[in-house]
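Summary of the model geometry
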Amino acid sequence: IMKPPYPSLTPTWHNDVYPAIEYSNPNVSHEGHTIIITGAGGGIGRETAIGYATARAKHLVLVGLTKSKLEETAAQASKANPYAKISIFDADVTDEAAMAKVAGEVGTWDAVVFCAGWMPTPSPVAKSDISDFWKSYEVNVKAIAVMVKAFLPTASPTYAAFLAMISAGSVFPAQMLVGYAGYQVAKVAAAKMIEILAEENPNVFFAAVHPGMVETDGFRKSGYTTDMLAMDDVKLPAGFSLWASLPEAKFLTGRFIWANWDIEELKGMREEIVSGTKLLFGYNSWPFPNM
């Protein structure tokens, strides 16, 4: 627990896993569940796989671009849970045919944790490589639509959750994001898509999750270093995802939530959150007050 480095919805701010979301806590068990994780070849995706394995998931579906990296993740997840079935798909999440094939082979699932992402080389828009710039929209936005189209028909009829990892930088003032439009604007679009998907599909839980400030390949590509920002442990978003993909978090559907926030305090804000527009993207000051 540390002092929040940014405005925080909950009084308590976490930068590491804690007892309520510890992988082995029976309250966040995923026993018998099938979990699909994209971007599973490393970073947050890999640790998320280890988290769900420890939480007794029945079947882990690892999706990523590089088979060897997925195999490394599978080996670590198997150590955490030697009884879990682990399937590997080295496939591009923006490829409709590939994702449809994965969905057909996997069948019924309980949670999707979308950890795939693309960080364009930081640059002002006018000086950017447009193909690199646009790839951010392909991976961070289009791929969510591709995944939903492919996997929604096989969502568990009992309870299914779709979590998308979204950078909190997307809510920061523009003066803090100069050079990062390719990434952060795509993340705004992805978060708004999550809101709409929640409305279109009330039988499935959708949420955008800021995973915290974790040192990943994307973070290193951003040009930032760990001494410049308040960093979080990779176990934090993994543990938070275990809780957020269970029915107890259903009141947060469509919302943009931060892994740093304390889940007990979040639950205490349930009525305040569901009765208004908290944690939703909007137009500042609208509706405008009468003059």
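Predicted, not measured: the structure shown is a model, and the values here were computed from it.

Attention now moves to the layout of surface pockets. By volume, the second largest pocket amounts to about 520 Å³. Along its surface, the second largest pocket is lined by 16 residues, and Val171, Phe172, Phe256, Trp258 and Leu280 are the ones closest to its centre. Of the residues belonging to the lining of the second largest pocket, the class tally is 12 nonpolar, four polar and no charged.

For the rest of this paragraph, the subject is the side chain of threonine 73. Take threonine 73: it is sitting in helix α2 (residues 67-80). Residue class for threonine 73 comes out buried when judged on its relative accessible area of 0%. Filtering out sequence-adjacent residues up to four positions away, threonine 73 remains in contact with Ala40, Gly41, Gly42, Arg46, Ala49 and Leu62.

As a packed pair, helix α1 (residues 43-54) and helix α7 (residues 235-244) sit with axes 8 Å apart at the nearest point and diverge in direction by 50°. One finds that α1 runs oblique with respect to α7. Here the hand of the crossing between α1 and α7 comes out right-handed. Contacts between α1 and α7 pair Ile44, Glu47, Thr48, Gly51 and Tyr52 from the former with Lys235, Pro237, Ala238, Ser241 and Leu242 from the latter. Looking at side-chain class alone, the contact of α1 with α7 contains five nonpolar, three polar and two charged residues.

Take the environment of leucine 62 next. Among the structural elements, leucine 62 can be located in strand β2 (residues 59-64). A sequence separation of 50 residues divides leucine 62 from valine 112, and the C-alpha atoms of the two residues are 10 Å apart. Those residues within four positions of leucine 62 in sequence are excluded, and the remaining contacts are Ile37, Ala40, Ala49, Leu70, Thr73, Ala74, Ile86, Ser87, Ile88 and Phe89.

All right, on to the packing of helix α3 (residues 96-106) against helix α4 (residues 130-151) then. Across the interface, α3 lies against α4 with an axial gap of 9 Å and an inter-helix angle of 40°. With respect to the hand of their crossing, α3 and α4 are arranged in right-handed fashion. In contact with Glu96, Met99, Ala100, Val102 and Ala103 of α3, α4 contributes Val146, Met147, Lys149, Ala150 and Phe151. Its residues assigned to classes, the contact of α3 with α4 shows eight nonpolar, no polar and two charged.

Turning to the packing of aromatic side chains, a few remarks are in order. In this structure the tally under the stated criterion is nine aromatic pairs. Ring geometry for tyrosine 6 and tryptophan 258: centres 6.4 Å apart, planes at 70°, overall edge-to-face. One end of the pair, tyrosine 6, is in the segment before β1 (34-38); the other, tryptophan 258, is in strand β7 (residues 256-258), with 252 residues separating them in the sequence. What makes tyrosine 6 buried here is its relative accessible area of 19%. A relative accessible area of 6% means that tryptophan 258 is categorised as buried. Among the aromatic side chains, those forming a connected cluster through ring pairs are Tyr6, Trp13, Trp258 and Trp261. Note that lysine 135 overlies the ring of tryptophan 118, its terminal NZ or CZ placed 3.9 Å from the centroid.

Basis of the calculations
Per chain, residue numbering runs from 1 following the sequence as it is written. Restriction of local features to residues with pLDDT of at least 70 applies here, the model being predicted, together with a cutoff of 80 or more for giving and counting side-chain atom pairs; totals for whole chains, interfaces and linings are based on all residues. Based on all heavy atoms of the structure, the side-chain values leave hydrogens and waters out of the count. For cavity detection a 1 Å grid was placed over the protein atoms alone, and a set of points counts as a cavity when a 1.4 Å probe fits there but cannot get out; an open set counts as a pocket when protein lies on both sides within 12 Å along at least five of seven lines, with lining residues being those that have an atom within 4 Å of a point. Grid points are joined across faces, edges and corners, and a volume is the space filled by probe spheres set on the points. The nonpolar class holds Ala, Val, Leu, Ile, Met, Phe, Trp, Tyr, Cys and Pro. Asp, Glu, Lys and Arg form the charged class, and all remaining residues, Gly among them, are polar. Helix and strand assignments come from DSSP, with helices taken as H or I runs of at least 4 residues and strands as E runs of at least 2, each series counted from the N terminus. Residue burial is assigned from relative accessible area. The probe radius is 1.4 Å, only protein chains are included, and a residue is buried under 20% of its type maximum, exposed over 50%, and partly exposed in between. Working rule for contacts: check all heavy atoms of both residues, and any pair within 4.5 Å makes them a contact. Throughout, an axis means a line fitted to C-alpha atoms (over the contacting stretch in the case of helices), and angles, computed between N-to-C directions, take values from 0 to 180 degrees. Geometric relationships in this document are graded by angle, where less than 35 degrees denotes roughly parallel, more than 145 denotes roughly antiparallel, 65 to 115 denotes roughly perpendicular, and other angles denote oblique. By convention, the crossing between two helices is left-handed when the near helix turns anticlockwise from the far helix through less than a right angle, and right-handed when the turn is clockwise. Any two rings among Phe, Tyr and Trp, with Trp reduced to its six-membered ring, count as a pair given centres within 6.5 Å; such a pair is stacked if its planes are under 30 degrees apart, edge-to-face if over 60, and tilted if neither. Definition used: whenever NZ (Lys) or CZ (Arg) falls within 6 Å of the ring centre and also within 35 degrees of the ring normal, the charge is taken to sit over that ring.

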